[in-house]
Amino acid sequence: MATTTKIQPRALVRASGGPRYAVALAVDALGTGLLRPFLLLYGMTVLRLSAPVTGIAMTVGVVVGLVCMPAVGLWLDRGARSTVVAASMLVRVLGVALLLAAPAGHVWLFATAALFLGMGNQAWPAAHAALVATVARDRERDAALAGGRALRNAGLGVGALLATACLAGGTTALQALAAVTGLAYLAAAALAWSVHLRAHPAATPAEDRADGPAPRMGALLAANVVYVFCLNVPEIALPLVLVTQLHASPVWSAAIFVANTVLVVTLQVPITVLMSRFSRRTVLALAGVVLAVSYLGFLAATSLGHGWGAPAVAMVSVVCTIGEIIYAGSATALVTALAPAHVLGRVLARFELSTGFGLAVSPAVITALAPHGSTALWGSLAAATLLSASAVAIEKDQGTRLGDCRRRE
């Protein structure tokens, strides 16, 4: 099994799609950070919609946006790469334009804008992963995917910080941020499209041109729905627990979120490279164990009460972030390694559907469990994540036995 032991920045940029594509990712992430964390606030303050109506419209937009994924998968399997990435950015330009055009109180225009933004946000990860899989091979591809995630988180963080500094300007500032976001998406789309990258199956290595059907990956997709809850822990679960159960200052939630972002930016690539000595499926199962341990750690931390509870939660959040990093560095990499080249787009689309579904339902599940106490919330998450890790490992053993049978035949 090939491993990656060194991080060479130039090689990493080249494996990620090249300098222009890296700039496109940074500009896109910066624009996303300017608006996405404050989309709810935009609907409430600029369009004067109620909080429940705004939240429902955003949720519906994200869920309906998943409908585009089968078409994205087929488009990718026809060879498109940079064009699909650019399209995922351009459709968000349309969403921002609808936001700016929507009059106060017009919920349907806001919901349509959220739909286009959701479509772009759902389509981008699959398109990006397919592009990187076309440029890079084996463990270099894993490092490139990790580098793209680190770069994206850095851009999101910088964008959110800039937007926070501008929020004192009220509704005018929010509208200006939306306009800048639209321009950023447009510039990023132009840069991504200029890469002009397509897949040519005839030119791919023989081992990547398997003509077999798409892998079923039932256990992996089901497990991914549970794994992805970890992405909403710093943004939803921890602020909810810290404020409502531990009565801690909101500063703790902000500090944990910032620490999560910094850790992902700095450690995503090194940890992914470190884990390259193990199989991707083993690493993904390990991620589930680490996440489950962190959830049990949150359960223990919240039992400490008001005085020590918040610092303990902050310490355990580092373990949760490490689990998130291991998960993010192995999940997409495993999917791209399992998928035959001719169905790579459809396999990635299925994987993104499971990710999007998990992200859509996790806020509702977390907020439904939290009022029933820490045991209900963290105990349930830990049990479900351990079960998911077991399912991933079992599916691996079945796949190995099947492969052995075929080799013997």
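Above this text sits the structure in question.
Residues numbered from 1 in each chain as written. Predicted model: local features only at pLDDT ≥ 70, side-chain atom pairs only at ≥ 80, totals over all residues. Heavy atoms only, no water.

A.B. asks: Can you tell me about the nonpolar core, naming the residues and giving the values?
C.D. replies: Across soluble globular proteins, you tend to see nonpolar side chains buried next to one another. Ranked by size, the top nonpolar core spans 85 residues in total, and within it Tyr227, Tyr295, Phe298 and Trp378 carry the most contacts. Of the residues forming this core, the biggest block, 13 residues, is contributed by helix α14 (residues 306-338). Excluding residues within four positions of it along the chain, Trp378 makes contact with Val233, Ala237, Leu238, Val241, Tyr295, Phe298, Leu299 and Thr302. Ranked by size, the runner-up nonpolar core spans 25 residues in total, among them Leu35, Leu49, Ala163 and Leu174. (Core = buried A, V, L, I, M, F, W, Y, C linked by side-chain atoms within 4.5 Å. Buried < 20%, exposed > 50% of the residue type's maximum accessible area, 1.4 Å probe, protein only. Helix = DSSP H or I, 4+ residues; strand = E, 2+ residues; numbered from the N terminus. Contact = heavy atoms within 4.5 Å.)

A.B. asks: Describe the packing of aromatic side chains, with residues and values.
C.D. replies: Considering all chains together, one arrives at three aromatic pairs under this definition. A cation over an aromatic ring shows up here: Arg92 above the ring of Tyr185, its NZ or CZ 4.7 Å from the ring centre. Note that Arg152 overlies the ring of Trp124, its terminal NZ or CZ placed 4.4 Å from the centroid. (Phe/Tyr/Trp six-rings, centres within 6.5 Å; stacked < 30°, edge-to-face > 60°. Lys NZ or Arg CZ within 6 Å of the ring centre and 35° of its normal.)

A.B. asks: An account of the packing of helix α11 (residues 233-244) against helix α15 (residues 344-369) is requested, with residue identities and associated values reported.
C.D. replies: Two elements in contact, α11 and α15, have axes whose closest approach is 10 Å; the angle formed by their N-to-C orientations is 15°. Regarding the angle of α11 to α15, the classification is roughly parallel. Remark: the crossing between α11 and α15 carries right-handed chirality. For the pair α11 and α15, contact is made by Ile236, Ala237 and Leu240 and by Pro363, Ile366 and Thr367, respectively. Of the residues assigned to the contact of α11 with α15, the class counts are five nonpolar, one polar and no charged. (Axes fitted to C-alpha atoms, helices over the stretch in contact; angles between N-to-C directions. Parallel < 35°, antiparallel > 145°, perpendicular 65-115°, else oblique. Left-handed = near helix turned anticlockwise from the far one by under 90°. Nonpolar A, V, L, I, M, F, W, Y, C, P; charged D, E, K, R; others polar.)

A.B. asks: Outline the pattern of salt bridges, listing residues and values.
C.D. replies: Counted according to the given criterion, the structure contains eight salt bridges. The partner of Asp28 in a salt bridge is Arg152, with the nearest N and O atoms 2.8 Å apart. Here Asp28, found in helix α2 (residues 19-35), pairs with Arg152, found in helix α8 (residues 138-166); they are 124 residues apart in sequence, far enough to count as distant. The residues Asp28 and Arg152 share a single accessibility class, namely buried. We note a salt bridge from Asp77 to Arg346, for which the minimum N-O separation is 2.5 Å. Remark: Arg346 occurs in helix α15 and Asp77 occurs in helix α5 (residues 69-77); sequence separation between them is 269 residues. (Salt bridge = Lys/Arg side-chain N within 4 Å of Asp/Glu carboxyl O.)

A.B. asks: Report on the environment of Ala150, specifying residues and quantitative values.
C.D. replies: Take Ala150: it is sitting in helix α8. According to the relative accessible area criterion, Ala150 is buried, its value standing at 7%. Sequence separation between Ala150 and Leu263 is 113 residues; the distance between their C-alpha atoms is 9.3 Å.

Don't take any of this as a statement about function, it's just geometry.
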